[in-house]
Amino acid sequence: MPWWFFRRRSRPAASQTAPAAASGWQLGEVALPRLHGSRRYLQEQPYLLPKDLGEVNRLDFQHYILRAVLRGNYLAPIQQPRRILDVGCGTGQWAFELAHQFPQAQVVGLDLEQVKAATSPPPNYRFVQGDILQGLPFDDNSFDFVHQRLLVLAIPQAAWPDAVQELVRVTSPGGWVELVEASIAPKDLTPSGPVTQRLFGLGGELAALRGIDSEGVVARSLDYYLSETGLVNIERCQIEVPVGEWGGRLGSLMALNFREGAKALSAPIAHRFAITEQEVATAIEEMLQEFNRYHTQYSYIVAYGQKAC
Ligand SMILES: C[S@@+](CC[C@H](N)C(=O)[O-])C[C@H]1O[C@@H](n2cnc3c(N)ncnc32)[C@H](O)[C@@H]1O
């Protein structure tokens, strides 16, 4: 075992056992250098993952995994939405597919930055630059379906209630809001080995420095956030997926996704905890072996609700 493995884990600053109140948020430690080796990170945002081609590829790959896991692109019982919004749209792949599925609808993807500018999006798709933490640049009641997926590493825990309120504000009466998230808490990868626990623990410490939830509170509170905004017909669904070759094709894809996700954080982890990137890379390979030894599983949480008419 490497020496850093045994260092005591300090308690994350933002850890709580109940959802945070709808208060403001603070960027604890702003600072990932914009470029870390070959990876590019945003400087003025809490968002922890890189914004570069490697991450674009991982997000597309992850999109196809999630579509298989959910057996589709959403769970809410939408009928024929006319205006659809995807907040934190990433590569835009989810929104592109919705635009194809509902050719009569106008589909908007919102993100801090546009990627895939070179590909030709469907004609009923439009990208809008925006920041959910600053409020959405849309009028009240603008969309029939508002979707937000995997922003747990982007929205500080204390900002979640306001962010969800903002999604609901732009949803029209009778429209649906759907949230899809996962936890980065070591205890939510179960069963899992010591190196896996340690790597996720370091990721969690890094996240907590930015006020990001590292204990799975956000993922467990999605339906609570929706209910606090007054939405009705709320449903919550937890989907367990295998991680590692032991879990067949899906498990193998999940392991690859975890490997690339861990690599995406390896430069900031090495920088913050004064270890080498090679040591992190070795730990990532050990984690992959542990997935098979322990038969690790992971969960995605989906919650959706309807704005009352
Ligand atoms: C993990 S990716 C998920 C992308 C996409 N939702 C998906 O499921 O493939 C998170 C995305 O949220 C975007 N993001 C981060 N902070 C944001 C913010 N404050 N407002 C809007 N988008 C943000 C990032 O740029 C990134 O594209």
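Residues numbered from 1 in each chain as written. Predicted model: local features only at pLDDT ≥ 70, side-chain atom pairs only at ≥ 80, totals over all residues. Heavy atoms only, no water.

Topic: the packing of aromatic side chains
Enumeration according to the criterion identifies 12 aromatic pairs in this entry. Pairing phenylalanine 258 with phenylalanine 291 gives two aromatic rings, centres 5.7 Å apart and planes at 75 degrees, and the pair type is edge-to-face. Separated by 33 residues along the polypeptide, phenylalanine 258 in helix H6 (residues 248-273) and phenylalanine 291 in helix H7 (residues 277-294) bring together distant segments of the chain. Judged on exposure class, the residue phenylalanine 258 and its partner phenylalanine 291 are both buried. The cationic tip of arginine 83 hangs over the ring face of phenylalanine 143; the distance from NZ or CZ to the ring centre is 4.7 Å. (Phe/Tyr/Trp six-rings, centres within 6.5 Å; stacked < 30°, edge-to-face > 60°. Helix = DSSP H or I, 4+ residues; strand = E, 2+ residues; numbered from the N terminus. Buried < 20%, exposed > 50% of the residue type's maximum accessible area, 1.4 Å probe, protein only. Lys NZ or Arg CZ within 6 Å of the ring centre and 35° of its normal.)

Quick look at the packing of helix H1 (residues 53-70) against helix H2 (residues 93-101)
H2 packs onto H1 with a crossing angle of 55 degrees between their chain directions and a minimal axis gap of 10 Å. What the angle tells us is that H1 and H2 run oblique. Two secondary-structure elements touch here, H1 through Asp60, His63, Tyr64 and Arg67 and H2 through Gln93, Trp94 and Glu97. (Axes fitted to C-alpha atoms, helices over the stretch in contact; angles between N-to-C directions. Parallel < 35°, antiparallel > 145°, perpendicular 65-115°, else oblique. Contact = heavy atoms within 4.5 Å.)

Looking at the confidence of the model for the chain
Summing up the model confidence of the chain, the mean pLDDT is 89 and the portion of residues at 70 or higher is 87%. Every residue in residues 3-25 scores below 50 in pLDDT, and together they form 54 contacts with partners more than four places removed in sequence or on other chains. (pLDDT = per-residue confidence, 0-100.)

Description of the environment of threonine 296
Summarising the element assignment, threonine 296 is placed in the loop between H7 and strand E9 (297-306). A relative accessible area of 0% places threonine 296 in the buried class. Through-space distance from the C-alpha of threonine 296 to that of valine 243 is 5.5 Å; in sequence the pair is 53 residues apart. Setting aside residues no more than four positions away along its own chain, threonine 296 makes contact with Leu189, Thr190, Pro191, Ser192, Val241, Pro242, Val243, Trp246, Glu290 and Phe291.

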